[in-house]
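Residue-level structural notes
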Amino acid sequence: TSIVKSMNVGAFTLPIKVRPGEYRIFFLSDVKQPGFQPYSETQIELRVVSIPCNPSMPEEEQLVIRRRVDTLMECKSLSELDGMAGDYGYSVETVVRSLDVLPSDVDLNKCSRPIFTGQSLEIMMPLKKTLKPLSIDINKDQVQTALENQLRTTAAEKIFKNYKNRLLIVVDPRRL
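Counting restarts for each chain: residues are numbered from 1 in the order of the written sequence. With pLDDT at 70 or above as the cut-off, local features in this predicted model cover only qualifying residues; side-chain atom pairs require 80 or more to be listed or tallied, and sums for whole chains, interfaces and linings still use all residues. Excluding hydrogens and water, the side-chain figures rest on all heavy atoms present in the structure.

1. Re the packing of aromatic side chains
- Planes of paired rings set the category: under 30 degrees apart is stacked, over 60 is edge-to-face and the rest tilted, where pairs are Phe, Tyr or Trp rings (Trp by its six-membered ring) whose centres lie within 6.5 Å. Across all of its chains, the model carries 1 aromatic pair by this definition.
- Both rings, one in Y88 and one in Y90, keep their centres 5.8 Å apart while their planes meet at 55°; by these two values the pair is tilted.

What follows is the structure, encoded as structure tokens:
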């Protein structure tokens, strides 16, 4: 944890030996100030654009939807997203959701990749993140535990995201 305390947000550690023969590299994605609820209490306000879509649509209509989705995903502001969605005749709503896990890559005012719900594609633009303040005092050990948990979560997210792009080579030490 002393290494983490000296790190800047967005930095990687050098390889750290965690067990004989096992090293890990950590990435510090964010630092939370003490006095806030865990991620399960995080509220995110989202602007959601619903695009009617189903797999049985003719291919020409699917191509039109793909082009529109690409255009919507390039929107950089709420007014631009609302205007584009209105031009296409898509419904738009603002929702507030609590998240069990807050992805480290949530960018405000940046559209997500579309999510297929079975009836429609949904493009979401996060507008605001809110952490509720705690009403109890937090001690140093709780802060350190929370920081360690966040490091493990961040490292696990990074490994999971890059899993398909990684190649694991196992070498038999007797052959060296």
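And the narrative resumes.
2. Structural notes on the nonpolar core
- Nonpolar cores are built from buried Ala, Val, Leu, Ile, Met, Phe, Trp, Tyr and Cys residues. Side-chain atoms within 4.5 Å join them into one set. For every residue, the accessible area (1.4 Å probe, protein chains only) is compared with the maximum for its type, and the residue is labelled buried under 20%, exposed over 50%, or partly exposed between those bounds. Counting residues in each nonpolar core, the largest one holds 16 residues, and the members touching the most others are V49, I51, I65, L72, L81 and Y90.
- Counting residues per element, the ones that place at least two in this core are strand 3 (42-52), helix 2 (59-73), helix 3 (78-88) and strand 6 (120-130).
- Numbering of helices and strands starts at the N terminus; helices are DSSP runs of H or I of at least 4 residues and strands are runs of E of at least 2. At 4 residues, the largest contribution of residues to this core is made by strand 6.
- Beyond its immediate stretch of four places on either side in the chain, L72 contacts V49, I51, L81, M84, A85, Y88, Y90, C111 and I123.
- Ranked by size, the runner-up nonpolar core spans 5 residues in total, among them I44, V48, V95 and M124. By definition in these notes, contact holds between two residues if any of their heavy atoms fall within 4.5 Å.

3. Some details on unusual backbone geometry
- For N109, which is not glycine, the phi torsion reads 60° and is therefore positive.
- In this structure, N109 sits in the loop between strand 4 (91-99) and strand 5 (115-116).
- With relative accessibility at 37%, the residue N109 sits in the partly exposed group.

4. Points about the environment of L151
- Within the secondary structure layout, L151 lies in helix 4 (residues 140-162).
- Along the primary structure L151 and D30 are separated by 121 residues, whereas in three dimensions their C-alpha atoms are 9.3 Å apart.

5. Here's the deal with the packing of helix 2 against helix 3
- Axes, fitted as lines to C-alpha atoms, cover a helix only where it is in contact. Angles between the N-to-C directions of the axes lie from 0 to 180 degrees. The interhelical angle for the contact between helix 2 and helix 3, taken along N-to-C directions, is 160°, at an axis separation of 9 Å. Taken together, the axes of helix 2 and helix 3 lie roughly antiparallel to each other. Our pair here, helix 2 against helix 3, has a crossing hand that is right-handed. Here R68, T71 and L72 of helix 2 lie close against helix 3, whose contacting residues are L81, M84, A85 and Y88.
- Just so you know the grouping, Ala, Val, Leu, Ile, Met, Phe, Trp, Tyr, Cys and Pro go in nonpolar, Asp, Glu, Lys and Arg go in charged, and all remaining residues, Gly too, go in polar. Here the residues of the contact of helix 2 with helix 3 sort into 5 nonpolar, 1 polar and 1 charged. Oblique is the label for every angle not falling under 35 degrees (roughly parallel), over 145 degrees (roughly antiparallel), or within 65 to 115 degrees (roughly perpendicular). Handedness of a helix crossing follows the sense of rotation of the near helix relative to the far helix, less than a right angle counterclockwise being left-handed and clockwise being right-handed.

6. Digging into the environment of K158
- With respect to the secondary-structure elements, K158 resides in helix 4.
- Distance in space between the C-alpha atoms of K158 and I25 is 10.0 Å, their sequence separation being 133 residues.

7. Examining the pairing of strand 6
- Among the 11 residues of strand 6, 8 are classified as buried, and the element is accordingly described as predominantly covered.
- Following DSSP output, two strands are said to pair if at least two bridges run between them. Taken together, the 2 bridges between strand 5 and strand 6 define a ladder with antiparallel strand orientation. Paired with F116 across the strands is L121, a residue of strand 6.
- Counting the residues that bridge the hairpin from strand 5 to strand 6 gives 3 residues, and of these G118 lies at a positive phi of roughly 105°.

8. Describing the confidence of the model for the chain
- Considering every residue of the chain, the mean pLDDT works out to 75; 72% of them sit at 70 or more.
- Each residue gets a pLDDT score, which is the predictor's confidence in that residue and runs from 0 to 100. Mean pLDDT across the secondary structure elements of the chain bottoms out at helix 1 (residues 2-5), with 67, and peaks at helix 3, with 93.

9. Some thoughts on the pattern of salt bridges
- Salt bridge, as used here, is a side-chain nitrogen of Lys or Arg placed within 4 Å of a carboxyl oxygen of Asp or Glu. Applying the stated criterion across every chain yields a total of 2 salt bridges.
- A salt bridge links K128 to E45, with the shortest nitrogen-to-oxygen separation between them at 3.8 Å. Pair noted here: K128 is in strand 6 and E45 is in strand 3, with a separation of 83 residues, a long-range link.
- Residue K128 is classed as partly exposed on the basis of its relative accessible area of 44%.
- Residue R47 is joined to D82 by a salt bridge in which the shortest nitrogen-to-oxygen separation is 2.9 Å.

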